[in-house]
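# An overview of the molecular structure
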Amino acid sequence: MIARWPVHIGVVAVTAAILFAFSPVEVKSQRNTAGRVTVGAGDLGGVVTSTKGPEAGVWVIAETTDLPTKLAKIVVTDDQGRYLIPDLPKANYNVWVRGYGLVDSPKVTTALGKTLDLKAVPAPTPAQAAEYYPALYWFSLLRVPEKSEFPLQKIKSQGEWLNIVKTGACQSCHALGTKGMRTIPKELGAFPNSVEAWRRRLQSGGARALMTRDITRLDTEIALKYFADWTDRIARGELPFAKPERPQGMERNFVVTLWDWSRPTAYLHDEVSTDRRNPSVNANGKIYASTEDSTDLIPVLDPKTHTAAEVLHPVRDPNTPSSKNNPYAASAYWGPEPIWDSKTLDHNPMMDEKGRIWFTSRVRPAKNPDVCKQGSDHPSAKVVPIEEADRHLSMYDPATGRFTLISTCFQTHHLNFGKDANQTLWTSTGIGGPGVLGWLNRKMFEETGDEVKSQGWTPFVIDTNGNGKRDAFVGPDQPVDPTKDKRVLVNIYAVGVSPSDGAVWGTVVGYPGAIVRVQPGPNPAETALSEIYEVPSPGFGPRGGDVDSNGVYWASLASGHLGSFDRRKCKVLNGPTATGAHCPEGWTFYQFPGPNLRDVKDPGSGEASYYTWIDRFDTFGLGRNVPIAMGNLSDSIYALVDGKFITFRIPYPSGFFPKNVDGRIDDPNAGWKGKSLWSTSGTRTMFHLEGGKTNRPKAARFQLRPNPLAR
């Protein structure tokens with residue numbers, strides 16, 4: 001077992017340019033002079049007050065159903081309770097106030113161009129106030145086994161237990177603290193106790209097999225006892241022991257626009273708006289999403305016309321299985337029939353420089369053709385033959401409306417483009433798989449159409465003999481041989497390409513988990529060399545991550561931290577000791593906001609962040625290379641600036657669960673209005689959230705203006 005080690009908690013150094021830009025905006029947002037709000041013809045504005053006076057740091061929500069799809073725009077009041085919602089499309093709107101310590105104000109119907117003062121409503125009771133708290137504050141009430149109770153029969157440590165409950169399994173799909181999870185719906189049936197109710201609810205719906213697997217990993221009867229105790233205490237009236245803060249400072253400059261897209265029975269995994277390598281691609285264009293297990297209908301949003309559409313993603317083989325045949329028990333929400341029906345399992349989209357969308361997508365049944373297997377003369381199959389792949393690649397060209405389906409020998413999960421001459425598309429395999437890194441030589445594929453010759457894969461081989469090149473290697477279960485290199489059997493979840501040197505990085509999900517760096521070399525199947533770095537205490541459990549322009553890797557951790565790894569700090573990079581535990585000095589941890597679970601004494605937050613994305617091009621307005629982490633239990637995204645988190649909250653509908661963001665520059669000369677981050681609802685259980693079964697997933701645009709009244 002690899003030893004653990006101490007690690008420092010550090011502070012990010014940012015450039016003077018970022019500090020110069022950041023501080024004046026922060027001050028300006030709190031120095032607005034007293035007076036009325038100037039409202040333009042396409043705006044709404046006014047002052048929010050309550051019996052306590054002006055209400056600062058509360059949200060004003062304007063929503064309309066007059067457009068082709070439902071739209072909502074949300075802003076935050078300034079220190080004098082003033083608000084301005086700019087640039088609304090012409091329609092009638094319902095407008096109301098939401099904020100911590102309040103209950104929703106009555107909705108007021110209005111047209112645009114008016115000054116509209118609003119009356120906030122203080123919450124009559126703490127219980128009514130807590131109904132608006134993010135899921136994290138309810139999740140933190142969950143009791144977990146004390147550290148002294150481990151090892152259990154099936155699990156060795158409290159950290160390993162937490163990793164499964166958080167982003168290692170349960171909360172990679174939905175948030176436990178939402179209303180639909182912290183309560184047991186009566187429609188589920190009658191049970192002698194809550195343990196049995198939980199046992200039954202875990203069998204519901206198309207994710208039954210996954211939930212059964214993961215509760216078993218937690219030691220089923222022990223886990224059911226804790227979950228039942230949690231919902232029982234909440235049913236008796238127990239309230240969160242911590243309270244969320246209202247937005248402060250720059251957090252009040254946040255503008256959120258939401259559009260309905262897709263359908264109530266669907267769920268989305270990711271969206272894409274532009275090319276990761278050039279955020280001006282597809283300026284003002286349509287947004288696309290992936291629907292994973294739920295449907296083969298790809299959502300498409302046109303934010304200019306406020307129109308949501310769908311495009312059917314095909315498969316190559318009609319015998320490709322569908323998620324509707326997954327093990328299933330009746331849902332308390334949807335009844336006995338499966339609501340998911342997807343053959344393609346579209347997981348992750350990326351856009352290229354031509355505005356085409358590439359997906360990790362299933363195009364055929366899992367059994368591989370002979371070219372992938374033992375005995376094939378394919379260069380990669382000679383190194384690692386692969387029997388099955390349950391997800392492959394596809395490309396959609398909006399200009400022609402056509403899909404190109406690509407059968408890969410390796411399974412795919414996430415994908416990212418390099419900037420090399422071959423326009424290489426790198427893919428991860430996800431949590432399970434054959435332990436390889438896969439790629440498509442896009443230049444070759446587009447020139448020849450040959451999907452077999454254009455693809456390749458390589459095992460993860462560490463330079464344990466220390467000579468700087470890849471040699472013959474020992475297997476994963478064999479000891480290090482000083483004359484050879486060593487293969488490690490890992491599968492990466494996230495995948496990203498470093499702009500600084502072209503190295504491919506990824507995360508290894510698990511406890512404590514790790515990150516991997518691969519330098520492909522001229523012939524990756526035979527020359528790629530890997531480095532693996534285990535996450536040291538107090539961190540653990542990486543899920544999604546990204547690499548910045550300097551080659552520093554950032555990852556969301558189940559321990560409740562954002563972790564950064566700077567390889568330049570490592571004293572050892574290769575040789576017989578470079579097997580994972582050799583560079584604790586490269587790690588720095590930043591604890592996410594919010595409370596931890598009561599029984600957890602180690603440093604960290606209860607937050608279960610799914611992914612981290614690096615804003616390399618300042619598409620949001622906070623500077624280049626700012627890490628943006630998902631606040632999956634907090635209705636938020638977190639930006640790390642000068643070593644401190646800024647929380648940008650999406651308060652409506654409660655339970656917003658972003659899997660990732662991407663940033664686009666629509667007009668570099670338009671100031672804050674020409675930049676934005678895009679995201680989408682990522683929970684598998686939209687029906688657990690505010691609105692219930694009527695919910696549709698949301699496409700979300702996030703913008704940051706210079707002050708809360710900027711137009």
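For every chain, the first residue of the written sequence is number 1, and numbering continues from 1 onward in sequence order. Totals for whole chains, interfaces and linings use every residue, but because this is a predicted model, local features are given only for residues with pLDDT of at least 70 and side-chain atom pairs only at 80 or more, for both listing and counting. Neither water nor hydrogens contribute to the side-chain values; these are computed over all heavy atoms in the structure.

### As for the environment of Asp599
Structurally, Asp599 can be placed in the loop between strand S34 (587–591) and strand S35 (612–615). Residue Asp599 is classed as buried on the basis of its relative accessible area of 4%. The spacing of Asp599 and Ser50 is 549 residues in sequence and 38 Å in space, taken between C-alpha atoms. N or O atoms within 3.5 Å of each other form a polar contact, as long as, within protein, one can give a hydrogen and the other can take it, and as long as residues adjacent in sequence are counted only when both atoms are side-chain atoms. A polar contact of 2.6 Å, which involves the side chain of Asp599, links it to the side chain of Arg143. Helix and strand definitions follow DSSP, with helices as H or I runs of at least four residues and strands as E runs of at least two, each counted in order from the N terminus. Think of it in three bands: residues with accessible area under 20% of the maximum for their type are buried, residues over 50% are exposed, and the middle band is partly exposed, with areas taken using a 1.4 Å probe on protein chains only.

### Comments concerning the sheet that holds strand S38 (residues 644–649)
Between any two strands, pairing holds if DSSP finds at least two bridges. The four strands lie next to each other as S35-S36-S37-S38, forming an open sheet whose pairing is antiparallel. A single partner strand is all that each edge strand has here, and the edge strands are S35 and S38. The average undirected angle you get between the axes of adjacent strands in this sheet is 30°. Where strand S36 (residues 626–631) meets strand S37 (residues 636–641), four bridges bridge the pair, whose relative direction is antiparallel. Residue pairing across strands places Gly631 opposite Ser636, the latter belonging to S37. The axes are straight lines fitted to the C-alpha atoms, using for helices just the contacting stretch, and the angles between their N-to-C directions are given from 0 to 180°.

### What about the environment of Ser148?
The residue Ser148 is located in the loop between helix H3 (135–139) and helix H4 (158–165) in this model. Remark: the alpha-carbon pair of Ser148 and Ile431, spanning 283 residues in sequence, is separated by 29 Å.

### Focus: the sheet that holds strand S14 (residues 287–289)
Strand order in the open sheet formed by four strands is S13-S14-S15-S16, and the pairing between neighbours is antiparallel. Of all the strands in the sheet, just strand S13 (271–272) and strand S16 (307–312) have a single pairing partner and so form its edges. Of the pairings in the sheet, the one linking strand S15 (residues 297–302) to S16 comprises six bridges and is antiparallel in character. When the sheet's bridge partners are listed, Asp302 is paired in S16 with Thr307.

### Section: the pattern of salt bridges
A pair is scored as a salt bridge if a Lys or Arg side-chain nitrogen falls within 4 Å of a carboxyl oxygen belonging to Asp or Glu. Counted by the stated rule, this structure contains 41 salt bridges. With a closest N to O distance of 2.5 Å, Arg442 and Glu353 form a salt bridge. Within this pair, whereas Arg442 is found in helix H10 (residues 442–448), its partner Glu353 is found in the loop between strand S17 (349–351) and strand S18 (357–361), the two being separated by 89 residues in sequence. The salt bridge partner of Lys675 is Asp618, with a shortest N-O separation of 3.1 Å. Of this pair, Lys675 sits in strand S40 (residues 675–680) while Asp618 sits in the loop between S35 and S36, placing them 57 residues apart in sequence. With a relative accessible area of 19%, Asp618 lands in the buried category.

### A short note on the pairing of strand S29 (residues 514–519)
The buried count for S29 comes to five of six residues, which makes it a mostly enclosed element. Across five bridges, the pairing between strand S28 (residues 504–508) and S29 is antiparallel. Paired with Val504 across the strands is Val518, a residue of S29. The turn joining S28 and S29, which pair antiparallel and follow one another in sequence, is formed by five residues; a positive phi near 150° is taken by Gly510. Two elements, S29 and strand S30 (residues 529–534), share six bridges in a ladder whose sense is antiparallel. Pairing of Val516 across the sheet is with Ile532, part of S30.

### Details of the state of the cysteines
Criterion for a disulfide: a pair of cysteine sulfur atoms within 2.5 Å. On inspection of all chains with the given rule, the structure shows two disulfides. Residue Cys372 pairs covalently with Cys409 via a disulfide, S to S 2.0 Å. Here the S-S torsion is close to -70°, and the disulfide linking Cys372 with Cys409 is therefore left-handed. Of this pair, Cys372 sits in the loop between S18 and helix H9 (379–383) while Cys409 sits in the loop between strand S20 (402–406) and strand S21 (415–417), and the two are 37 residues apart along the sequence. Note on Cys372: relative accessible area 1%, which makes it buried. For Cys409, a relative accessible area of 3% translates into the label buried. Note that Cys570 is cross-linked by a disulfide to Cys583, the S-S spacing being 2.1 Å. On the sign convention where negative is left-handed, the bridge of Cys570 and Cys583, at about -100° about the S-S bond, is left-handed.

### Looking at empty space enclosed by the protein
Points on a 1 Å grid, built from protein atoms alone, make a cavity when a 1.4 Å probe fits but cannot get out and make a pocket when they are open with protein on both sides within 12 Å along at least 5 of 7 lines; residues with an atom within 4 Å of a point are the lining residues. Grid points are joined across faces, edges and corners, and a volume is the space filled by probe spheres set on the points. Scanning all chains against the criterion turns up three cavities of 30 Å³ or more. The calculated volume of the largest cavity comes to roughly 220 Å³. For the largest cavity, the lining is made up of 22 residues, of which Arg276, Met350, Trp613, Asn660 and Val661 are closest to its centre. For the lining of the largest cavity, the elements supplying multiple residues, two or more each, are S13, S17, S21, strand S27 (495–497), strand S31 (542–547) and S35. Under this grouping Gly is polar, as are all residues other than the nonpolar Ala, Val, Leu, Ile, Met, Phe, Trp, Tyr, Cys and Pro and the charged Asp, Glu, Lys and Arg. Residues belonging to the lining of the largest cavity are distributed by class as follows: eight nonpolar, eight polar and six charged.

### What to know about unusual backbone geometry
Here the residue pair Phe150 and Pro151 is connected by a cis peptide bond, since its omega of 5° sits within 30 degrees of zero. Turning to its location among the elements, Pro151 is positioned in the loop between H3 and H4. Here the residue pair Ser537 and Pro538 is connected by a cis peptide bond, since its omega of 10° sits within 30 degrees of zero. On the secondary structure map, Pro538 appears in the loop between S30 and S31.

### Some points on the confidence of the model for the protein
Of all residues in the protein, 95% attain a pLDDT of 70 or more, and the chain-wide mean is 94. Here residues 1–33 scores under 50 on pLDDT; set against residues more than four positions off or in separate chains, the count is 77 contacts. As a per-residue quantity, pLDDT reports the predictor's confidence and falls between 0 and 100. Should any heavy atoms of two residues lie within 4.5 Å, those residues are considered in contact.

### Some points on the packing of aromatic side chains
Under the pairing criterion, centres of Phe, Tyr and Trp rings, with the six-membered ring standing for Trp, must be within 6.5 Å; the plane angle then separates stacked pairs below 30 degrees from edge-to-face pairs above 60, leaving the rest tilted. Tallied over the entire structure, the rule returns 32 aromatic pairs. Look at Trp198 and Phe227: their rings are 4.9 Å apart centre to centre, the planes differ by 20°, and that puts the pair in the stacked class. Here the residue Trp198 occupies a position in helix H6 (residues 194–201), and Phe227 occupies one in helix H8 (residues 220–235), the gap between them amounting to 29 residues. Judged by relative accessible area, Phe227 falls into the buried class, the value being 3%. Feature note: the residues Trp505, Tyr533, Tyr553, Phe565, Trp587 and Phe589 constitute an aromatic cluster, connected by ring pairs. Two conditions define a charge located above a ring, namely a distance within 6 Å from the ring centre to NZ of Lys or CZ of Arg, and an angle within 35 degrees of the ring normal. Lying across the ring of Trp198, Arg201 places its NZ or CZ 4.5 Å from the centre. Geometry around Trp334 places Lys693 over its ring, the cationic atom sitting 4.6 Å from the centre.

### A few points about the nonpolar core
Residues Trp161, Leu622, Ile628, Phe648 and Phe702 are the most contacted members of the largest nonpolar core, which totals 91 residues. Broken down by element, this core gets its largest block of residues, six residues, from H8. Here, nonpolar core refers to any group of buried Ala, Val, Leu, Ile, Met, Phe, Trp, Tyr and Cys residues whose side-chain atoms link them within 4.5 Å. Within the second largest apolar cluster, 31 residues are counted, among which are Tyr93, Leu118, Leu301 and Trp678.

### A few points about the side chain of Ser394
Looking at where Ser394 falls in the secondary structure, it is placed in strand S19 (residues 392–397). Take Ser394: its relative accessible area is 0%, and that puts it in the buried class. A polar contact of 2.7 Å, which involves the side chain of Ser394, links it to the side chain of His313. Dropping the residues within four chain positions of it, Ser394 is found in contact with His313, Ile357, Trp358, Phe359, Ser361, Thr404 and Leu405.

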